[in-house]
Every structure is written in C-alpha cells, then in structure tokens.
Amino acid sequence: MGANFAPRSGGSTLVVPTFISFVGRLARIVCTKMPAGRTPRPAAAPSAASPGQAGGPIDWDALRGAAGEAAARAYAPYSGLQVGAAGACEDGQLVTGCNVENASFGLTLCAECGLVSALVAGGHRHLVALSVLAGDGRPLPPCGRCRQILMEHAGPELLLDAGEGRAPQRLGDLLPGAFDRSELAKAARGTAARRRAASAGTARSSTRGRR
Ligand SMILES: [Zn+2]
C-alpha cells in the first residue's frame, strides 16, 4: 500500500546507520520500515495495494516523494546534479539512496549504489519498482553501470519510473542481453568438462605406459 512507502505515514522509521564512502561519512542511506502491525487495506482502494506484492500497483507518488527527499540530501558539490533513488522491495519495504560525489570524480557513487547497499544491508531481497529523480524532480535513467547493478538485485522485470503520466520501463528493455550469473555457471561447467577430459586423458596415458 502507498502508506508502506510514505516516510511520514506515522509508522516507525529505521535509519540504517550505513555510510558508504571511503572516509565513512559521504553517503547516507535511509531505509523506511513498514509500520509493525499495519494491516493491508481492502482491495477497494486500488492505489493502496502493497507495492511489494507481485503484480500489485506501485505507488509511484510515494516513491517519487522518497526519491526527492533523498535527492535533497545528495552530496554533489562538483556536478551540482543531486540525484535521489527510491525503490520498492518485494517484501513491501522502501529503500533509498542518493549520489555521493568525490573530488577524484571516478570514485563517485550513484544514488542507485547506495540504494542497493541499503537493500542488502537491510536484509531485503528483491526490488520491484524504482524511481530515480534529479533534485529538480526530473526522472533520470540509471547509468549503464547501475543498470547492471540493478539487474543483479531486481531482474529484468524491475519497473523504472519514466515520469508522471508515462508508462514505467522494464529494466530488461534498458539492458538487453545483460551479463548474469548464468554466464558464470556456463564457465564453471566448461571448466569442469575440460578437467574431466584432461583427467581421462592422463588415465589413458598411464594405462598405456604400464603395458
Ligand atoms: Zn549509475
């Protein structure tokens, strides 16, 4: 339900004391916990279905509100582009992140990086929807690196906010042919097969040598 997301819904708010940075003070990640004991509203309230439920409606307004708040806390003194991201988890929880720039530029962390860290550190599992906003409220697409990071923790069906009045986009459409763990499994099978073949060849040579 929408209230699950809203940081000011009256529920408890858990601030995860996780600071991602090399000096330990550059990133701020906020994880909003669904109020304990809150019962889902009846299905009669269509926009209030839990966003964490598979197939349920996503409360994009709540996500955008949380992303905007995260963007306001972003550390972007170099580019001036403050970015906030808010994602709905499969379990109904909300995770947020903001970009954290660095004087070295190359070490800058995108908002989605902080969000994924909050997801994992908070014990949540799977993102189902994500809104990434600039400080002025414009929706932003995740950069290429973040698309790959999000793929690991959301899969191709993650819905990405494309802005009010526009249909959300699937992550799979933004990152076709993504590299995933299935490639590692294929590599492992290939390695195992080569080792078996090499081992069998050694055994045959050894047998011939004894004749
Ligand atoms: Zn990025």
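Look above for the structure.
Residues numbered from 1 in each chain as written. Predicted model: local features only at pLDDT ≥ 70, side-chain atom pairs only at ≥ 80, totals over all residues.

Helix and strand counts for the protein come out as six helices and six strands. Of the regular secondary structure in the protein, the N- to C-terminal order runs α-β-α-β-β-α-β-α-β-β-α-α. Sequence-distant contacts, at least 24 apart, represent 62% of the contacts inside the protein between residues at least 6 apart. (Helix = DSSP H or I, 4+ residues; strand = E, 2+ residues; numbered from the N terminus. Contact = placed C-beta atoms within 7 Å.)

This paragraph deals with the packing of helix α3 (residues 111–121) against helix α4 (residues 144–154). Interaxial distance between α3 and α4 falls to 10 Å at its minimum, and their mutual angle equals 15°. Overall, the two elements α3 and α4 adopt an arrangement that is roughly parallel. Seen from above, α3 lies across α4 with left-handed handedness. Listed contacts from α4 to Glu112, Cys113, Val116 and Leu119 of α3 are Cys146, Ile149, Leu150 and His153. Classifying every residue of the contact of α3 with α4 gives six nonpolar, one polar and one charged. (Axes fitted to C-alpha atoms, helices over the stretch in contact; angles between N-to-C directions. Parallel < 35°, antiparallel > 145°, perpendicular 65-115°, else oblique. Left-handed = near helix turned anticlockwise from the far one by under 90°. Nonpolar A, V, L, I, M, F, W, Y, C, P; charged D, E, K, R; others polar.)

A separate point is the environment of Gly68. By the secondary structure assignment, Gly68 is in helix α2 (residues 60–72). With 66 residues separating them along the chain, Gly68 and Ala134 place their C-alpha atoms 7.5 Å apart. Contacts of Gly68, omitting those with residues within four sequence positions, involve Gly84, Leu133 and Gly137.

Here we take up the pairing of strand β3 (residues 94–98). The buried fraction of β3 is high, at five of five residues. Side chains Leu94, Thr96 and Cys98 project from β3 onto one buried face, and the interleaved Val95 and Gly97 project onto a second face that is buried too. As paired elements, strand β2 (residues 83–89) and β3 share five bridges and run antiparallel to each other. Within β3, the position partnered with Ala86 by the bridge is Thr96. Counted between consecutive antiparallel strands, the loop separating β2 from β3 contains four residues, among which Gly92 sits at a positive phi close to 90°. (Buried ≥ 20, exposed ≤ 12 C-beta atoms within 10 Å, placed from the backbone. Pairing = 2+ DSSP bridges.)

Phi is positive for Phe105, which is not a glycine, with a value near 65°. For Phe105, the position within the fold is in the loop between β3 and α3. According to the C-beta neighbour criterion, Phe105 is exposed, with 9 such atoms within 10 Å.

Moving on: the nonpolar core. With 40 residues, the main nonpolar core has Leu63, Ala67, Ala85, Ala111, Leu127 and Leu158 as its most contacted residues. Counting only elements with at least two residues in this core, the list comes to α2, β2, β3, α3, β4 (127–134), α4 and β5 (159–160). Examining the composition of this core, we find that seven residues originate from one element, α2, more than from any other. The contact partners of Leu127, leaving out residues within four places of it in the chain, are Gly87, Ala88, Cys89, Leu119, Leu150, His153, Ala154 and Leu158. (Core = buried A, V, L, I, M, F, W, Y, C linked by C-beta atoms within 7 Å.)

Here we come to the environment of Gly172. Positionally, Gly172 belongs in helix α5 (residues 171–174). Residues Gly172 and Glu157 lie 15 residues apart in sequence; the distance between their C-alpha atoms is 6.4 Å. Among residues more than four places away in sequence, those in contact with Gly172 are Pro156 and Glu157.

As a further point, take the pairing of β4. Among the eight residues of β4, seven are classified as buried, and the element is accordingly described as predominantly covered. Of the pairings in the sheet, the one linking β4 to β5 comprises two bridges and is parallel in character. Among the inter-strand pairings, Leu130 is bridged to a residue of β5, identified as Leu160. Note on the crossover from β4 through α4 to β5: the handedness is right-handed. (Right-handed = clockwise from strand over helix to strand, strands pointing away.)

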